[in-house]
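This is what each chain is made of:
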Amino acid sequence: MALLTPEDLANMTNALVENDRLITELTNYSLDGLCRKIYGTAPNNEKVAIIPITAGNGIIGSFSESLLFTVQHFGMDGFITENTDVAGYYEAVMKGADIILMADDLAYIAHNLKNSKIAHNQICTGRIYAEILCNAKDYADDKDVLVIGLGKVGTPAVETFLKEKQNVYVFDVDSNRVDEVVSEYPVSKYDPTDSKTPNSFFKIFEATPCADTISKDVLKQNSLVSTPGIPCGISDELIEKYSIRVVLEPLGIGTLSMLYAVF
Ligand SMILES: NC(=O)C1=CN([C@@H]2O[C@H](COP(=O)(O)OP(=O)(O)OC[C@H]3O[C@@H](n4cnc5c(N)ncnc54)[C@H](O)[C@@H]3O)[C@@H](O)[C@H]2O)C=CC1
Ligand SMILES: NCCC[C@@H](N)C(=O)NCCCC[C@H](N)C(=O)O
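Engineer: Is there a simple way to think about the overall build of the chain in this case?
Structural biologist: Along the chain, the regular secondary structure elements total nine helices and eleven strands. The globule rule puts the C-alpha radius of gyration for 263 residues at 18 Å, and the 18 Å found for the chain is close to it. Its C-alpha atoms give the chain principal-axis dimensions of about 60 × 35 × 35 Å. Relative to its full complement of 263 residues, the chain shows a buried share of 51%. In the form shown here, the chain has an accessible surface area of approximately 12,000 Å², with 52% of it arising from carbon and sulfur atoms. In the chain, which carries 21 positive and 36 negative side-chain charges, the distance between the mean positions of the two groups comes to 8 Å.

See below:
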């Protein structure tokens, strides 16, 4: 899994606020209102503990602080444990944490100690970024959606689009992965040479670790791109030329989705 860097998180607080405003403009739901709608849950004064984890590549600068900002920005009580790892877990429980947030290099989870619910960042990120596209009111009539990147974030997004009755077209550089997904789900391979494939899309989802994965060929004027992928999959030049709106933020949107998944 591609790991975040402190540089990825440098503008995270502004990006979360700006994306919340964009999501509200697109869907008439604030980000937490949309999470409430899709999960059918709501916060109930839970105390959230954030535990820094030193495993693998170790602590990422600003990671825990970014989680704390997210928790507090949406009105919840949170704290970062003074200790890391197991000592931090013990501290969190002794300080009365209801929900634990912690991440090593392989998994970033939310675990509710009171109801035993657990959530995984990649699944919750794919779901919320897909739901933003599905709930964008000005794009509701067009059911076609292009999904670029069929990994641990893109696959839950495909499942979400199908649940929301979208016509899903999929692409990945790994053609074997495309074949697997097309055989497992009622989706279509994105193939510009196939007359049944739309040439371009108003709704595009991207979750890859590469830049410039979204070419001008798939864009329409005013397309909406929902892309958790880091770095951003669409160039500034294409954003300007086609008046594209982009939902992209490195950590907070996925984190809020995780919290609503475990309330
Ligand atoms: N913004 C956020 O909150 C989050 C962002 N991410 C980011 O999302 C991205 C995807 O994460 P995962 O799904 O866990 O990774 P993954 O490695 O499971 O999946 C990535 C998929 O993209 C495909 N791919 C790579 N380059 C491509 C290209 N040029 N064109 C089309 N497909 C391409 C790969 O074949 C793979 O199937 C990563 O950059 C990760 O850092 C992950 C979690 C949360
Ligand atoms: N964008 C959300 C997904 C994050 C994921 N790509 C990642 O970097 N995971 C590693 C996090 C490691 C955190 C570290 N152990 C710490 O606690 O600071």
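Engineer: Looking at this structure, how should I read the sheet that holds strand E10 (residues 219-226)?
Structural biologist: Strands in a sheet are paired, the pairing made by backbone hydrogen bonds, and the direction either parallel or antiparallel. Here six strands make up an open sheet; going across it, the order is E8-E7-E6-E9-E10-E11 and the pairing parallel. Lying at the two open borders of the sheet, with one neighbouring strand each, are strand E8 (188-189) and strand E11 (245-247). Where strand E6 (residues 144-148) and strand E9 (residues 201-206) come together, three bridges link them in parallel fashion. Bridge pairing links Leu146 to Ile204 in E9. Along the sheet, helix H5 (residues 121-134) contacts E6, E9, E10 and E11; its crossing angle with E9, the most-contacted strand, is approximately 170°. Sheet contacts for helix H6 (residues 154-163): E6, strand E7 (167-171) and E9; angle to E6, the most-contacted strand, approximately 170°.

Engineer: How should I be thinking about the site of ligand 2 in this particular structure?
Structural biologist: Taken together, 15 residues are adjacent to ligand 2, and Ala2, Leu4, Ile53, Ala103 and Pro250 come closest. A distance of 2.7 Å is found between an oxygen atom of ligand 2 and a backbone nitrogen or oxygen belonging to Leu4. Between Ala103 and ligand 2, the recorded distance is 2.7 Å, taken from a backbone N or O atom to a nitrogen atom. When ligand 2 is considered free in solution it has 490 Å² of accessible area, and contact with the protein chains removes 93% of it. In terms of residue class, the shell around ligand 2 is made up of twelve nonpolar, two polar and one charged.

Engineer: Please explain the packing of helix H3 (residues 63-73) against helix H9 (residues 252-262) as it appears in this structure.
Structural biologist: Following both chains from N to C, one finds H3 and H9 inclined at 60°, their axes separated by 10 Å at the closest point. On the basis of their axis angle, the class for H3 and H9 is oblique. When the axes of H3 and H9 are compared, the crossing they make is right-handed. Contact with H3, carried on its side by Leu67, Thr70 and Val71, involves Gly252, Thr255, Leu256 and Leu259 of H9 and no other residues of that element.

Engineer: Any chance you could explain unusual backbone geometry here in plain terms?
Structural biologist: One can expect most non-glycine residues to show negative phi and most peptide bonds to be in trans. Going from Ile230 to Pro231, the amide bond is cis rather than trans, its omega being 5°. Of note, Pro231 is situated in the loop between E10 and helix H8 (236-241). Within the chain, Asp212 stands out as a residue other than glycine whose phi angle is a positive 55°. With respect to the secondary-structure elements, Asp212 resides in the loop between E9 and E10.

Engineer: I keep staring at the pattern of salt bridges and nothing clicks. Help me out?
Structural biologist: Close approach of charged atoms lets side chains of opposite charge pair. Across all of its chains, the model carries ten salt bridges by this definition. Here Glu82 and Lys95 are joined by a salt bridge, their closest N and O atoms 3.8 Å apart. Here the residue Glu82 occupies a position in the loop between strand E2 (77-80) and helix H4 (85-94), and Lys95 occupies one in the loop between H4 and strand E3 (99-103), the gap between them amounting to 13 residues. Linked by salt bridges that have partners in common, Arg21, Glu25 and Arg245 make up one network.

Engineer: Just to check I follow, could you spell out the site of ligand 1 for this structure?
Structural biologist: Near ligand 1 there are 25 residues, and of these Gln122, Lys152, Val153, Asp172 and Glu249 occur at the shortest range. Val173 has a polar backbone atom sitting 3.4 Å from a nitrogen atom of ligand 1. In this structure, Ile230 approaches ligand 1 through a main-chain N or O atom, which is 3.0 Å from an oxygen atom. Coverage of ligand 1 by the protein chains reaches 84% of its 870 Å² of free accessible surface. Looking at side-chain class alone, the shell around ligand 1 contains 13 nonpolar, eight polar and four charged residues.

Engineer: Before we go on, may I ask you to explain the pairing of E2 in this structure?
Structural biologist: Regular strands have side chains that alternate between both faces of the sheet. Across four bridges, strand E1 (residues 47-51) lies against E2 in parallel orientation. Its bridge partner being in E2, Ile50 is matched across the sheet by Ile80. In terms of handedness, the path from E1 via H3 over to E2 forms a crossover that is right-handed.

Reading the values: rules and limits
- Residues numbered from 1 in each chain as written.
- Chains lettered and ligands numbered in written order.
- Predicted model: local features only at pLDDT ≥ 70, side-chain atom pairs only at ≥ 80, totals over all residues.
- Heavy atoms only, no water.
- Helix = DSSP H or I, 4+ residues; strand = E, 2+ residues; numbered from the N terminus.
- Rg over C-alpha atoms; globule rule 2.2 N^0.38 Å.
- Buried < 20%, exposed > 50% of the residue type's maximum accessible area, 1.4 Å probe, protein only.
- Areas by Shrake-Rupley, 256 points an atom, 1.4 Å probe, with all protein chains shown as cover.
- Lys, Arg positive; Asp, Glu negative; His and termini not counted.
- Charge placed at Lys NZ, Arg CZ, Asp CG, Glu CD.
- Pairing = 2+ DSSP bridges.
- Contact = heavy atoms within 4.5 Å.
- Axes fitted to C-alpha atoms, helices over the stretch in contact; angles between N-to-C directions.
- Near = heavy atom within 4 Å.
- Polar contact = N/O pair within 3.5 Å; in protein donor to acceptor, adjacent residues only side chain to side chain.
- Nonpolar A, V, L, I, M, F, W, Y, C, P; charged D, E, K, R; others polar.
- Parallel < 35°, antiparallel > 145°, perpendicular 65-115°, else oblique.
- Left-handed = near helix turned anticlockwise from the far one by under 90°.
- Salt bridge = Lys/Arg side-chain N within 4 Å of Asp/Glu carboxyl O.
- Right-handed = clockwise from strand over helix to strand, strands pointing away.

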